[in-house]
Amino acid sequence: MRKPYVAGNWKMNLDRAGAVKLAQEVARQSDGRGVEVGVAPPFVYVSAVSEALRGTGIHVAAQNCYYEASGAFTGEVSPGMVLDAGADSVIIGHSERRHIFGETDEQVNKKVRSALAAGLNVILCIGETLDEREANKTESVCERHTREGLKGVAAEQMAKVVVAYEPVWAIGTGKTATPGQAQEVHAFVRGLVAKLYNKQTADALRIQYGGSVKADNALELMSQADIDGALVGGASLKVEPFLAIIAAAQKAKGL
Ligand code: PGA
């Protein structure tokens, strides 16, 4: 069975004290039985949060990184720096990176490869916009994001990759994909990974759902066969809803 993975993407929120406190409370109160848990603080708080979570088994992820190892890239942070700050993971290709900051599939792919080469785990985000869904392009967009994002990634490296399906129209909008809509895309992506790699790799891949996941819709979403956890934005900024989503993952997977 795939171990469910619930990660909180804090985006550009919290201050140093608030980030450390939230991390500590999640660690103190969560009975993470059977579930992998992660948090993604803003870059500047990665060290403090990693320090606070040392020895707890909770993953710390950066929300982005650059693909070069060092050099004249003002404002950027390399995968090695992310590791050095104490994180073990990085979110790559989040829709806000793609749509607000113009990240291309090619850049996303370079980041994925560079992060894996540095030894980080990667959460690769994919997902269609509302226009794309209405134009029946959901599968082709998710296929492109997955295929291009994983170009050059070897089957052995896939053990360090998690895919997050996040329909853009559901992020921060309060609109969630129905469990059926999400499951359909998750099954499609798993089938695609089986074609790109092999069945074993596809069966082992965790595919998180993201987009307005809340305490009250998490159970139904994660009860779907191919939904292996959640990438949670807004509801990860407070302890109770985030813990409730972790508990929903346990319940959904019979843990
Ligand atoms: P949301 O964000 O849960 O606030 O919709 C999810 C995400 O962007 O990862």
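Not measured: the values here are computed from a predicted model. (Residues numbered from 1 in each chain as written. Predicted model: local features only at pLDDT ≥ 70, side-chain atom pairs only at ≥ 80, totals over all residues. Heavy atoms only, no water.)

Peer 1: Tell me about the overall build of the chain, and name the residues and values.
Peer 2: Regarding its fold elements, the chain presents 11 helices and 8 strands. In terms of overall dimensions, the chain is globule-like: its C-alpha atoms have a radius of gyration of 17 Å, near the 18 Å expected for 255 residues. The dimensions of the chain, computed from C-alpha atoms along their principal axes, are 45 × 45 × 35 Å. When the 255 residues of the chain are sorted by exposure, 52% land in the buried category. With the model as given, the accessible surface of the chain reaches about 11,200 Å², and the carbon-plus-sulfur share is 51%. (Helix = DSSP H or I, 4+ residues; strand = E, 2+ residues; numbered from the N terminus. Rg over C-alpha atoms; globule rule 2.2 N^0.38 Å. Buried < 20%, exposed > 50% of the residue type's maximum accessible area, 1.4 Å probe, protein only. Areas by Shrake-Rupley, 256 points an atom, 1.4 Å probe, with all protein chains shown as cover.)

Peer 1: Help me get a handle on the packing of aromatic side chains, residues and values and all.
Peer 2: Counted according to the given criterion, the structure contains 3 aromatic pairs. Three or more aromatic residues joined by ring pairs make a cluster, and in this case those are Tyr66, Tyr67 and Phe73. Positioned over the ring face of Phe101 is Arg97, at 4.2 Å from the centre of the ring. (Phe/Tyr/Trp six-rings, centres within 6.5 Å; stacked < 30°, edge-to-face > 60°. Lys NZ or Arg CZ within 6 Å of the ring centre and 35° of its normal.)

Peer 1: Let's hear about the sheet that holds strand 4 (residues 89-92): which residues, and what values?
Peer 2: The parallel closed barrel is built from 8 strands, whose spatial order is 1-2-3-4-5-6-7-8. Across the sheet, the axes of successive neighbouring strands diverge by a mean angle of 25 degrees, strand direction being ignored. Relative to strand 8 (residues 229-232), strand 7 (residues 206-210) runs parallel, the two sharing 2 bridges. Counted as the bridge partner of Tyr209 is Ala230 from strand 8. In the packing of helix 8 (residues 179-196) onto the sheet, the strands contacted are strand 5 (121-126), strand 6 (161-165) and strand 7, and the crossing angle to strand 7 comes to about 150 degrees. (Pairing = 2+ DSSP bridges. Axes fitted to C-alpha atoms, helices over the stretch in contact; angles between N-to-C directions. Contact = heavy atoms within 4.5 Å.)

Peer 1: An account of the site of the ligand is requested, with residue identities and associated values reported.
Peer 2: Around the ligand lies a shell of 13 residues, among which Lys11, His94, Glu166, Gly172 and Ser212 are the nearest. Here an oxygen atom of the ligand and a side-chain polar atom of Lys11 are 2.7 Å apart. For the ligand, whose unbound accessible area comes to 280 Å², protein coverage reaches 96%. Applying the majority rule of atoms within 2 Å of the grid points places the ligand in the second largest pocket. Looking at the shell around the ligand residue by residue, the classes come out as 4 nonpolar, 7 polar and 2 charged. (Near = heavy atom within 4 Å. Polar contact = N/O pair within 3.5 Å; in protein donor to acceptor, adjacent residues only side chain to side chain. 1 Å grid on protein atoms, 1.4 Å probe; cavity = no way out; pocket = protein on both sides within 12 Å on 5 of 7 lines; lining within 4 Å. Sits in = over half its atoms within 2 Å of the grid points. Nonpolar A, V, L, I, M, F, W, Y, C, P; charged D, E, K, R; others polar.)

Peer 1: Explain the pattern of salt bridges residue by residue, including any values.
Peer 2: For the coordinates displayed, the defined rule picks out 17 salt bridges. Note that Glu25 and Arg28 form a salt bridge whose closest N and O atoms lie 2.8 Å from each other. Separated by 3 residues within a single helix, Glu25 and Arg28 lie in helix 1 (residues 16-29), roughly one turn from each other. Using a relative accessible area of 17% as the deciding quantity, one classes Glu25 as buried. Here Glu143 ties to Arg147 by a salt bridge, and the two come within 2.8 Å at their closest N and O atoms. Here Glu143 pairs with Arg147, and both are found in helix 7 (residues 138-149), just 4 residues apart, close to one helical turn. One continuous salt-bridge network, built from bridges that share partners, spans Arg2, Arg190, Asp226 and Asp228. (Salt bridge = Lys/Arg side-chain N within 4 Å of Asp/Glu carboxyl O.)

Peer 1: Run through the layout of surface pockets, naming residues and quoting values.
Peer 2: Each pocket or cavity is described by its volume, and for the largest pocket that value is around 450 Å³. Lining the largest pocket are 16 residues, and of these Lys11, Met12, Gln63, Arg97 and Phe101 sit closest to its centre. Counted by class, the lining of the largest pocket contains 7 nonpolar, 5 polar and 4 charged residues. Within this model, the second largest pocket holds a volume of roughly 180 Å³. Along the wall of the second largest pocket there are 16 residues; nearest its centre are Lys11, Gly172, Ser212, Gly233 and Gly234. When the residues that make up the lining of the second largest pocket are grouped by side-chain class, the tally is 5 nonpolar, 8 polar and 3 charged. (Points joined across faces, edges and corners; volume = space filled by probe spheres on them.)

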